[in-house]
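# Structural overview
Read off the chains here:
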Amino acid sequence: MSAVDVHAVVSGRPDAPAVVLSNSLGSTHRMWDHQVEALAKHFRLIRYDTRGHGASPVPAGPYSIDDLADDVVALLDRLGVPRAHVVGLSLGGMTAMRLAARNPGRVDRLAVLCTAAHLPPRAAWLERAAAVREQGAASMAETVVRRWFTRHYDGDLGYWQSMIAATPAVGYAACCAAIAELDLRDELSSISAPTLAIAGADDPATPPAKLQEIVAAMTDSRLVVLEHAAHLANVEQSDAVTRALLEHLNLEER
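Residues numbered from 1 in each chain as written. Predicted model: local features only at pLDDT ≥ 70, side-chain atom pairs only at ≥ 80, totals over all residues. Heavy atoms only, no water.

## Some words on the overall build of the chain
Each helix and strand in the chain was counted, giving 10 helices and seven strands. Taking 2.2 N^0.38 as the reference for a compact globule, 254 residues should give roughly 18 Å; the C-alpha atoms of the chain span a radius of gyration of 16 Å, in line with that estimate. Taken over the C-alpha atoms alone, the chain extends approximately 50 × 40 × 35 Å along its principal axes. Relative to all contacts within the chain whose residues are 6 or more apart in sequence, the contacts with residues 24 or more apart total 79%. Summed over its atoms, the accessible surface of the chain is roughly 10,200 Å², and 49% of this surface lies on carbon and sulfur atoms. Averaged over its 23 positive side-chain charges, the chain has a centre that lies 1 Å from the centre of its 30 negative ones. (Helix = DSSP H or I, 4+ residues; strand = E, 2+ residues; numbered from the N terminus. Rg over C-alpha atoms; globule rule 2.2 N^0.38 Å. Contact = heavy atoms within 4.5 Å. Areas by Shrake-Rupley, 256 points an atom, 1.4 Å probe, with all protein chains shown as cover. Lys, Arg positive; Asp, Glu negative; His and termini not counted. Charge placed at Lys NZ, Arg CZ, Asp CG, Glu CD.)

## As for the nonpolar core
By size, the foremost hydrophobic cluster in this structure holds 91 residues, and its most contacted members are V87, L110, W160, Y172 and I191. If sequence neighbours within four positions are ignored, Y172 has contacts with L25, G26, G52, R128, V132, A137, M140, V144, I164 and T167. (Core = buried A, V, L, I, M, F, W, Y, C linked by side-chain atoms within 4.5 Å. Buried < 20%, exposed > 50% of the residue type's maximum accessible area, 1.4 Å probe, protein only.)

## As for helix α3 (residues 91-102)
For α3, built from 12 residues, the straight-helix expectation of 16 Å at 1.5 Å per residue is met to within 8% by its first-to-last C-alpha distance of 16 Å. The buried count for α3 comes to 11 of 12 residues, which makes it a mostly enclosed element. Among all positions of α3, only L91, G92, G93, M94, T95, A96, M97, R98, L99, A100 and A101 are buried. (Expected span 1.5 Å × (residues − 1).)

## Side note on the packing of aromatic side chains
The geometry of an aromatic ring pair is captured by the separation of the ring centres together with the interplanar angle, meaning the angle of the planes. Tallied over the entire structure, the rule returns four aromatic pairs. Residues W148 and W160 carry aromatic rings whose centres are separated by 6.1 Å and whose planes lie at 80° to one another, so their mutual orientation is edge-to-face. Taken together, the residues W148 in helix α5 (residues 138-148) and W160 in helix α6 (residues 157-165) connect sequence positions 12 residues apart. The buried category is assigned to W160, whose relative accessible area is 4%. With a centroid separation of 5.0 Å and 85° between ring planes, the pair formed by Y159 and W160 is classed as edge-to-face. Under the relative-accessibility criterion, Y159 is labelled partly exposed at 34%. (Phe/Tyr/Trp six-rings, centres within 6.5 Å; stacked < 30°, edge-to-face > 60°.)

## Points about the pattern of salt bridges
Within this structure, the stated rule accounts for 14 salt bridges. Residues R78 and D5 are paired through a salt bridge, measuring 3.4 Å at the closest nitrogen-oxygen approach. Separated by 73 residues along the polypeptide, R78 in helix α2 (residues 65-79) and D5 in the segment before β1 (8-12) bring together distant segments of the chain. Close ionic contact of D70 with R102 constitutes a salt bridge, the shortest N to O distance being 2.8 Å. With a gap of 32 residues between them, D70 in helix α2 and R102 in helix α3 connect regions that are remote in the sequence. (Salt bridge = Lys/Arg side-chain N within 4 Å of Asp/Glu carboxyl O.)

Geometric descriptors of this kind do not, in isolation, establish any biological role.
Shown next as structure tokens:
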């Protein structure tokens, strides 16, 4: 499948190093709202909607992680960015790792949050895809949001449920298929980009052990585990995530 022109929002300093933020399954570029103000002071910030999500095109599935990585390359080419820092959460982290392994010249520093290099069982993802194709993403919204946040989260759960519900069924299901087939474990050792991995201590979807597996396979990486955070750690522990990203991405200015 050829790359698509994904919807992107660019902000920050046009003359600064670029940072790409890649979203999770069922979300849009708005999931990074808590990080925008701080990162935009230092970087050219590129947020985008993964294909099949938000305002991006919704090609017929299934999709592969290579398709999602191709979209990022096409986006960078469209914006005239030869090399960028890449930050991704969950599905976005999977996309970022594949990009860093496959196109090392395009990735400077890498940060992956609440993600995995391999996330079995395959059948569960295919079953979720089938359910969404039949009933729509709204059918998953309440269940998924319960996994995104701890019970202590005091934000607006309805906002996040609405974001998931608005995701096109074709796009959501096709991305489930990409996760079903995902296995990046043999590629991790080839990633040369300095990597920060962030895990939510209470994440039931991609627990800290999944991030530890990623870090253990890389030569230049470190793991941060955040307490009182589940799958959307960048929202529930937004200040801690923003500080960690700034430290990792902005080392040359420290």
